[in-house]
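The chain contents come next:
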Amino acid sequence: MTTQQNLDQRYLEFAANTRRVFERFPQLEPLRYFIFRELLVQPRPFGWRESAKQWLRPLIRRGCTTGVLRPCDILIWIEGTREVIRESLLPVFHELTSRGENVRLVSMNGPADLPSSSVTLRFPSVFFLPDWTKQAWEALCQAEKYLAKPTLTRSFFSACADVQGLLNEVGQILDATKPRVVVTASTQLIGGAALLVSAQAKQMRTVLLQHGVLQPFYIPMLADRMCTWGRSSSETLTSLGTDRRRLEALGSPRHDAMRPAPGGQAKRELLKSLSLEDRPTITFFSNGNDLSRNGSAPGECVRWLEAAAERYRDRINIIVRLHPNEDGSLYRPNSCLVVTKDCPEFALLLDGSDCVASLCSTAMLDALLYHKPVWHFHADGWPELATNWQEGLAQRIGSANQLCAMIEQALQGKVLPDRSHHLAETVFVNHGRATQAVADFLVAQADTCAAM
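In what follows, the accompanying structure is described. (Residues numbered from 1 in each chain as written. Predicted model: local features only at pLDDT ≥ 70, side-chain atom pairs only at ≥ 80, totals over all residues. Heavy atoms only, no water.)

## Concerning the sheet that holds strand β2 (residues 103–108)
Step number 1: Strands sit in the order β3-β2-β1-β4-β5-β6-β7 across an open sheet of seven strands; the sheet is parallel. Either end of the sheet is taken by a strand with one partner, and the two such strands are β3 (119–120) and β7 (247–249).
Step number 2: For strand β5 (residues 205–209) and strand β6 (residues 225–228), the ladder comprises three bridges, and the chain directions are parallel. What sits directly across from L208, in β6, is M226.
Step number 3: The strands touched by helix α7 (residues 150–177) are β1 (74–79), β2 and β4 (181–184); relative to β1, the strand with the most contacts, the crossing angle is about 150 degrees. (Pairing = 2+ DSSP bridges. Helix = DSSP H or I, 4+ residues; strand = E, 2+ residues; numbered from the N terminus. Contact = heavy atoms within 4.5 Å. Axes fitted to C-alpha atoms, helices over the stretch in contact; angles between N-to-C directions.)

Written out as structure tokens, the structure is:
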């Protein structure tokens, strides 16, 4: 499959073709995206190095979960170190704790600065294949004929052995903690998917919190219920076939604290942090992290930006914020762009910029909370990676010439401000109190389970 193909549509086709396989073998859910991306779309060779790792893994990976496993009513799962996951869940944990609720935090590959009461999951790898492996593979190959290759079989079998170790450990944690409700912010990650299928097998209620812009890769929705940011997110999931009755538009805990600072303070701090002149400042949030999905569009965006930065080098600042999983290789080191990744902090970039732009970053929605003009880069023929401009949440930039025309307007003071503050409420319901709304919902779910 080439980068020019529409990966979203191919995933929807894959999901439809394999629906009954995943229903029959729920143990496969943690491997859903591995199967799609690394076996079907961009197959990786399984050579002697991979074979050696497969045999050595059970001998090397022998770690055990650490922390006190006590029964709880609500279990919150944090996976990975990305701020979008951590900041979606930790405010809810702290809110529930402050209310005296019996809540437990479990981390898998999470940040080091979690509360001391947190449980850290580590799992040993198993040596023997799970008994469901061969039947599941045969069913997958019948559903997707391109999978039926010996090298892919070996990759799949190795992944199944690894995921069985994870499922075993998650099952033991759930048996020890006996939560009524389990909560996570991502089922695209292997641990979140393992948590939900394990909890559902034990008839525990499952809840998913939205952590980013929704897209086809978010279906099927594994959780019993999902808390979305607002009406626009719920409508996106409904258009992809999700039952609206399983969705609760409650807002985003991560965004509760996002609001403009008074008196231009953020602009001054931003310019100082990057040693920039006091000029109109555009921040572009880059999406060069996933070229298999985004195709040639990120590279085209770079060319537009570099041309504009060169043309207006003494009149504007153009900052590029790399995606957390992006290495910056798309950008020339000697261009007039200011390329950054980890600093300054995300909120300061949004608040201090005069305009926010992107191809498909969540930042285009976040910027609405700071009342910034949003430019959505989308040329004719590009894959539809986001629908912000179609929904009236951004101004479309369809070419390098149009980008320059918009910059000219900005230099003349003609850029329209945020057209209506109701746009933010469409995206982020309960802004400023979403943490409390989500906590109320989780407590109600736990109480309902207790009454059953």
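Continuing now.
## Let's talk about the side chain of D8
Step number 1: Within the secondary structure, D8 sits in helix α1 (residues 7–17).
Step number 2: Since its relative accessible area comes to 6%, D8 is described here as buried.
Step number 3: Side-chain polar atoms of D8 contact the side chain of R293, separated by 2.7 Å.
Step number 4: Ignoring sequence-local partners within four residues, the contact set of D8 consists of P216, F217, R293 and E384. (Buried < 20%, exposed > 50% of the residue type's maximum accessible area, 1.4 Å probe, protein only. Polar contact = N/O pair within 3.5 Å; in protein donor to acceptor, adjacent residues only side chain to side chain.)

## A closer look at the packing of aromatic side chains
Step number 1: Within the structure shown, the criterion is met by 15 aromatic pairs.
Step number 2: On the numbers, 6.2 Å between centres and 55 degrees between planes, the contact of F156 with F157 is tilted. When sorted by exposure, F156 lands in the same class as F157, which is buried.
Step number 3: Chaining the aromatic ring pairs together yields one cluster made of Y11, F14, F22, Y33, F36 and F217.
Step number 4: In this structure, R254 packs its charged tip against the face of F346, placed 5.2 Å from the ring centre. (Phe/Tyr/Trp six-rings, centres within 6.5 Å; stacked < 30°, edge-to-face > 60°. Lys NZ or Arg CZ within 6 Å of the ring centre and 35° of its normal.)

## Notes on the pairing of strand β9 (residues 317–321)
Step number 1: In terms of burial, β9 is largely enclosed, as five of its five residues are buried.
Step number 2: Strand direction decides the pairing type here: strand β8 (residues 281–285) and β9, joined by five bridges, are parallel. Its bridge partner being in β9, T283 is matched across the sheet by I319.
Step number 3: Taken together, the three bridges between β9 and strand β10 (residues 338–340) define a ladder with parallel strand orientation. Among the inter-strand pairings, R321 is bridged to a residue of β10, identified as T340.

In short, geometric facts, not functional conclusions.
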